Amino acid sequence: MANEVVGCELDWEEEIENDGNDFVLLNEGEYDFVVTKFERGRSKGSDKLPPCNMAILTIRVDDQTTIIENLILHSKMEWKLCQFFTSIGLRKHGEKMRMNWGKVLGATGRCKIIVEDFTGRDGKERQTNRIDKFLEPEGQATVTNQTQQRKWTPGNF
(Lines give C-alpha, C1' and ligand atoms only; values in the text may rest on other atoms or scores of the structure.)
Protein backbone atom coordinates (compact mmCIF):
# COMPACT_ATOMS: atom_id res chain seq x y z
CA MET A 1 0.00 0.00 0.00
CA ALA A 2 1.50 3.33 -1.04
CA ASN A 3 1.62 6.10 1.52
CA GLU A 4 -0.39 9.13 0.50
CA VAL A 5 1.53 12.38 0.92
CA VAL A 6 -0.60 15.24 2.22
CA GLY A 7 0.52 18.80 1.61
CA CYS A 8 3.49 19.97 -0.43
CA GLU A 9 7.10 21.02 -0.14
CA LEU A 10 7.62 24.70 0.70
CA ASP A 11 10.12 26.98 -1.01
CA TRP A 12 12.65 28.82 1.19
CA GLU A 13 10.87 32.17 0.72
CA GLU A 14 7.31 30.79 0.71
CA GLU A 15 4.56 32.76 2.50
CA ILE A 16 3.12 30.85 5.46
CA GLU A 17 0.03 31.36 7.63
CA ASN A 18 -1.31 27.99 8.92
CA ASP A 19 -0.82 27.91 12.71
CA GLY A 20 -2.03 24.32 12.92
CA ASN A 21 -4.83 22.88 14.99
CA ASP A 22 -5.00 23.27 18.73
CA PHE A 23 -4.89 20.02 20.66
CA VAL A 24 -8.39 19.00 21.76
CA LEU A 25 -8.72 16.78 24.84
CA LEU A 26 -12.03 14.92 24.70
CA ASN A 27 -13.97 14.03 27.83
CA GLU A 28 -14.15 10.33 28.64
CA GLY A 29 -17.05 8.69 26.84
CA GLU A 30 -18.22 7.01 23.66
CA TYR A 31 -17.46 8.62 20.30
CA ASP A 32 -17.76 7.95 16.56
CA PHE A 33 -14.51 7.48 14.66
CA VAL A 34 -13.13 7.12 11.13
CA VAL A 35 -9.84 5.48 10.13
CA THR A 36 -7.94 8.13 8.14
CA LYS A 37 -4.61 6.31 7.70
CA PHE A 38 -3.34 2.73 7.84
CA GLU A 39 0.31 1.68 7.85
CA ARG A 40 1.99 -1.66 8.28
CA GLY A 41 4.68 -1.63 10.93
CA ARG A 42 6.55 -3.81 13.36
CA SER A 43 6.51 -3.65 17.15
CA LYS A 44 9.83 -3.74 18.97
CA GLY A 45 8.44 -6.21 21.49
CA SER A 46 8.26 -5.96 25.27
CA ASP A 47 8.48 -8.10 28.38
CA LYS A 48 5.01 -9.45 27.55
CA LEU A 49 5.13 -9.74 23.73
CA PRO A 50 7.85 -10.59 21.20
CA PRO A 51 8.55 -8.34 18.18
CA CYS A 52 5.77 -8.84 15.64
CA ASN A 53 3.67 -7.18 12.94
CA MET A 54 1.65 -4.14 13.94
CA ALA A 55 -1.10 -2.09 12.27
CA ILE A 56 -0.58 1.63 12.85
CA LEU A 57 -3.96 3.36 12.56
CA THR A 58 -4.63 7.08 12.52
CA ILE A 59 -8.14 7.50 13.85
CA ARG A 60 -10.14 10.72 13.69
CA VAL A 61 -12.50 10.84 16.67
CA ASP A 62 -15.75 12.83 16.55
CA ASP A 63 -14.22 15.22 13.96
CA GLN A 64 -12.32 16.83 16.84
CA THR A 65 -9.07 15.02 17.53
CA THR A 66 -6.76 12.36 16.11
CA ILE A 67 -5.46 9.31 17.96
CA ILE A 68 -2.74 6.92 16.78
CA GLU A 69 -3.69 3.35 17.66
CA ASN A 70 -1.25 0.45 17.32
CA LEU A 71 -2.87 -2.94 16.88
CA ILE A 72 -0.33 -5.68 17.58
CA LEU A 73 -0.80 -8.81 15.47
CA HIS A 74 -0.19 -11.41 18.16
CA SER A 75 -2.48 -14.11 19.56
CA LYS A 76 -2.43 -12.43 23.00
CA MET A 77 -3.92 -9.32 21.38
CA GLU A 78 -6.46 -11.15 19.22
CA TRP A 79 -9.30 -9.86 21.42
CA LYS A 80 -8.47 -6.25 20.48
CA LEU A 81 -8.23 -7.09 16.78
CA CYS A 82 -11.66 -8.74 17.05
CA GLN A 83 -13.03 -5.63 18.83
CA PHE A 84 -11.71 -3.37 16.06
CA PHE A 85 -13.01 -5.43 13.10
CA THR A 86 -16.38 -5.89 14.83
CA SER A 87 -16.62 -2.15 15.50
CA ILE A 88 -16.09 -1.24 11.84
CA GLY A 89 -18.64 -3.84 10.70
CA LEU A 90 -16.29 -6.33 9.03
CA ARG A 91 -16.96 -9.01 11.64
CA LYS A 92 -19.83 -10.12 13.85
CA HIS A 93 -19.23 -10.91 17.51
CA GLY A 94 -18.10 -14.53 17.86
CA GLU A 95 -17.46 -14.91 14.14
CA LYS A 96 -14.22 -16.34 12.73
CA MET A 97 -12.86 -14.10 9.97
CA ARG A 98 -9.73 -13.31 7.98
CA MET A 99 -8.47 -9.78 8.68
CA ASN A 100 -8.96 -7.64 5.56
CA TRP A 101 -6.70 -4.60 6.00
CA GLY A 102 -7.62 -3.35 2.53
CA LYS A 103 -11.06 -2.35 3.85
CA VAL A 104 -9.81 -0.49 6.95
CA LEU A 105 -9.03 2.93 5.41
CA GLY A 106 -12.16 5.09 5.61
CA ALA A 107 -13.96 2.60 7.86
CA THR A 108 -16.15 4.03 10.62
CA GLY A 109 -17.13 2.77 14.04
CA ARG A 110 -17.60 3.72 17.65
CA CYS A 111 -15.13 3.61 20.54
CA LYS A 112 -14.79 4.37 24.23
CA ILE A 113 -12.27 7.14 24.94
CA ILE A 114 -10.45 7.59 28.24
CA VAL A 115 -8.16 10.35 29.50
CA GLU A 116 -4.66 9.22 30.40
CA ASP A 117 -2.03 11.15 32.39
CA PHE A 118 1.61 11.12 31.28
CA THR A 119 4.86 12.97 31.85
CA GLY A 120 6.20 14.80 28.80
CA ARG A 121 9.84 14.88 27.71
CA ASP A 122 10.10 18.27 29.40
CA GLY A 123 9.03 16.70 32.73
CA LYS A 124 5.60 18.39 32.77
CA GLU A 125 2.47 16.41 33.59
CA ARG A 126 0.03 16.24 30.68
CA GLN A 127 -3.12 14.45 29.59
CA THR A 128 -4.03 12.69 26.36
CA ASN A 129 -6.87 10.63 24.98
CA ARG A 130 -6.58 6.90 24.41
CA ILE A 131 -8.98 4.38 22.91
CA ASP A 132 -9.96 2.06 25.73
CA LYS A 133 -12.31 -0.14 23.72
CA PHE A 134 -13.74 -0.48 20.23
CA LEU A 135 -17.54 -0.88 20.53
CA GLU A 136 -19.89 -3.19 18.65
CA PRO A 137 -22.40 -1.54 16.33
CA GLU A 138 -25.79 -1.17 18.00
CA GLY A 139 -28.29 -3.88 17.18
CA GLN A 140 -25.68 -6.33 15.87
CA ALA A 141 -26.77 -9.89 16.52
CA THR A 142 -24.15 -12.41 17.53
CA VAL A 143 -23.27 -15.31 15.24
CA THR A 144 -24.79 -17.74 17.78
CA ASN A 145 -28.13 -15.89 17.74
CA GLN A 146 -28.18 -15.77 13.93
CA THR A 147 -27.50 -19.50 13.70
CA GLN A 148 -30.37 -20.23 16.10
CA GLN A 149 -32.73 -18.04 14.06
CA ARG A 150 -31.91 -19.93 10.82
CA LYS A 151 -32.37 -23.40 12.34
CA TRP A 152 -34.59 -25.60 10.19
CA THR A 153 -37.47 -27.39 11.82
CA PRO A 154 -39.25 -30.23 9.93
CA GLY A 155 -42.72 -29.20 8.85
CA ASN A 156 -42.00 -25.44 9.13
CA PHE A 157 -41.68 -23.41 5.95
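What counts, and at which threshold
- Per-chain numbering applies: the sequence of each chain, read as written, is numbered from 1 onward.
- Local features are withheld for residues below a pLDDT of 70 in this predicted model, meaning they are given only at 70 or higher, and side-chain atom pairs are given and counted only at 80 or more; totals for whole chains, interfaces and linings count all residues.
- Based on all heavy atoms of the structure, the side-chain values leave hydrogens and waters out of the count.
- Pairing between strands is defined by DSSP: at least two bridges between the two strands are required.
- Secondary structure elements follow DSSP: runs of H or I no shorter than four residues count as helices, runs of E no shorter than two count as strands, and numbering proceeds from the N terminus.
- Here the axes come from fitting lines to C-alpha atoms, over the contacting stretch only for helices, and the angles between their N-to-C directions go from 0 to 180 degrees.
- Any two residues having at least one pair of non-hydrogen atoms within 4.5 Å are treated as being in contact.
- In protein, a polar contact means a hydrogen-donor-capable atom and an acceptor-capable atom, both N or O and within 3.5 Å, with residues adjacent in sequence counting only if both atoms are side-chain atoms; elsewhere, any N or O pair within 3.5 Å suffices.
- Only rings of Phe, Tyr and Trp enter the pairing, Trp through its six-membered ring, and a pair is recorded when the two centres are within 6.5 Å. The plane angle decides the type: under 30 degrees is stacked, over 60 is edge-to-face, the rest tilted.
- When a residue's accessible area, from a 1.4 Å probe over protein chains only, is under 20% of the maximum for its type it is buried; when over 50% it is exposed; and in between it is partly exposed.
- Salt bridge, as used here: a side-chain nitrogen of Lys or Arg that lies within 4 Å of a carboxyl oxygen of Asp or Glu.

Caption draft 1: Representation of the sheet that holds strand E2 (residues 53-61). Spatially, the five strands line up as an open sheet ordered E3-E2-E1-E4-E5, and their pairing is antiparallel. Either end of the sheet is taken by a strand with one partner, and the two such strands are strand E3 (65-72) and strand E5 (125-135). Ignoring strand direction, the axes of neighbouring strands in this sheet form an average angle of 40 degrees. Along the sheet, helix H1 (residues 78-87) contacts strand E1 (29-42), E2, E3, strand E4 (108-119) and E5; its crossing angle with E5, the most-contacted strand, is approximately 75 degrees.

Caption draft 2: Inspection of the side chain of serine 87 at higher detail. Positionally, serine 87 belongs in helix H1. At a separation of 3.0 Å, a polar atom in the side chain of serine 87 contacts the main-chain carbonyl oxygen of arginine 110. At 3.0 Å, the side chain of serine 87 and the backbone oxygen of leucine 135 are in polar contact. If we ignore the near neighbours within four places in the chain, the residues touching serine 87 are Phe33, Thr108, Gly109, Arg110, Phe134, Leu135 and Pro137.

Caption draft 3: Up close: the packing of aromatic side chains. For the structure on display, the rule yields six aromatic pairs. Their ring planes at 75 degrees and their centres at 5.3 Å tell us that phenylalanine 84 and phenylalanine 85 sit as a pair that is edge-to-face. As far as the burial class goes, phenylalanine 84 and phenylalanine 85 line up, both buried. Between phenylalanine 84 and phenylalanine 134, the aromatic rings sit 5.2 Å apart at their centres with planes inclined by 75 degrees, giving edge-to-face as the arrangement. Here phenylalanine 134 lies in strand E5 and phenylalanine 84 lies in helix H1, a separation of 50 residues in the sequence. Each member of the pair, phenylalanine 84 as well as phenylalanine 134, is classed as buried.

Caption draft 4: Just the pattern of salt bridges, in detail. The final tally for this structure, using the stated rule, is six salt bridges. Residue glutamate 69 pairs with lysine 80 through a salt bridge whose shortest N-O separation is 2.7 Å. Of this pair, glutamate 69 sits in strand E3 while lysine 80 sits in helix H1, placing them 11 residues apart in sequence. Neither glutamate 69 nor lysine 80 differs from the other in exposure class; each is buried. Across the pair aspartate 122 and arginine 126 runs a salt bridge, and its minimum N-O distance is 2.8 Å.

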